[in-house]
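# Chains, contacts and geometry: an overview
Here is what each chain is made of, one letter per residue.
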Amino acid sequence: MNEKEKAFFFFRKLVFCVYSEVGALKAEVHPELAAKVALTSSFFQGERKKQAALLYQRIEEEEDTAKILAPFEERTGLSLYDVFRVFDEGNWQNKFSGYNFGGPKWTRITAITMDLKRAIDDEDWEKATDLSYDIKGLKTNFGLLINEFDKTDRL
């Protein structure tokens, strides 16, 4: 894989991951942004992983960041920046002050996703390569982010 191919590979996987995670959004987590979405849709009612995987299948070969994001934005009603805000500003803590979903780790993951988008859009393959090293070390609330990548194949 060359630098460009690697950048798109990681971007597509990151988009899948952050949108799959934001599907756990509830009204009490972030009332303002929850009001933008159809919380009663199946995406926000337990189907988020399956639907995100189906969306991923549609963009698996895409090499345009806007076209990669479009089906996820359309399905959820949230832009990538909205997703960042949901994780960053939302109240994701559980009763034990931990995080089952969202929170600081997902804020970081989404920030790097936005950074990678900018690098790709600017055709800054060196920056994209540097970000890929960061991506490999990112952690979710339950382990390494890259362990989530294979879930794009599970339907």
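Our subject is the structure that appears above.
Residues numbered from 1 in each chain as written. Predicted model: local features only at pLDDT ≥ 70, side-chain atom pairs only at ≥ 80, totals over all residues. Heavy atoms only, no water.

A word on the packing of aromatic side chains. Tallying each qualifying case throughout the model produces ten aromatic pairs. Aromatic pair F8 and W125: ring centres 6.4 Å apart, planes at 45 degrees, arrangement tilted. Of this pair, F8 sits in helix α1 (residues 3-22) while W125 is found in helix α7 (residues 125-137), placing the two residues 117 residues apart along the sequence. Taking the relative accessible area as the measure of exposure, F8 reaches 3% and is therefore buried. For W125, a relative accessible area of 18% corresponds to the buried category. Plain terms: the ring middles of F9 and F149 are 6.3 Å apart, the flat faces sit at 80 degrees to each other, and that makes the pair edge-to-face. With a gap of 140 residues between them, F9 in helix α1 and F149 in the segment after α7 connect regions that are remote in the sequence. Judged by its relative accessible area of 27%, F9 falls in the partly exposed class. The buried category is assigned to F149, whose relative accessible area is 7%. A network of ring pairs unites the aromatic residues F9, F10 and F149 as a single cluster. (Phe/Tyr/Trp six-rings, centres within 6.5 Å; stacked < 30°, edge-to-face > 60°. Helix = DSSP H or I, 4+ residues; strand = E, 2+ residues; numbered from the N terminus. Buried < 20%, exposed > 50% of the residue type's maximum accessible area, 1.4 Å probe, protein only.)

In this structure, S97 takes a positive phi of about 65 degrees despite not being glycine. Positionally, S97 belongs in the loop between α5 (80-89) and α6 (104-121). Even without being a glycine, E123 presents a positive backbone phi close to 55 degrees. The residue E123 is located in the loop between α6 and α7 in this model.

This paragraph deals with the environment of L80. Inspection of the secondary structure puts L80 in helix α5. For L80, a relative accessible area of 5% translates into the label buried. On a C-alpha basis, the gap between L80 and L69 in space is 7.7 Å, while along the polypeptide they are eleven residues apart.

Another aspect to go through is the side chain of T76. For T76, the location among the structural elements is in helix α4 (residues 65-76). Here L78 takes part through its backbone nitrogen, which lies 3.1 Å from a polar atom of the side chain of T76. Among residues more than four places away in sequence, those in contact with T76 are Y19, V37, F43 and F44. (Polar contact = N/O pair within 3.5 Å; in protein donor to acceptor, adjacent residues only side chain to side chain. Contact = heavy atoms within 4.5 Å.)

Okay, the nonpolar core next. One recurring pattern in soluble globular proteins: nonpolar side chains tend to sit buried together. One finds V18, Y19, L25, F72, L116, I135 and L145 to be the most contacted residues of the largest nonpolar core, which totals 49 residues. Of all the secondary-structure elements, those providing two or more residues to this core are α1, α2 (31-34), α3 (48-59), α4, α5, α6 and α7. Here this core takes eleven residues from α1, the largest share from any one element. When residues no more than four places from it in sequence are discounted, the contact partners of F72 are V15, F16, Y19, A52, L55, Y56, I59 and G77. (Core = buried A, V, L, I, M, F, W, Y, C linked by side-chain atoms within 4.5 Å.)

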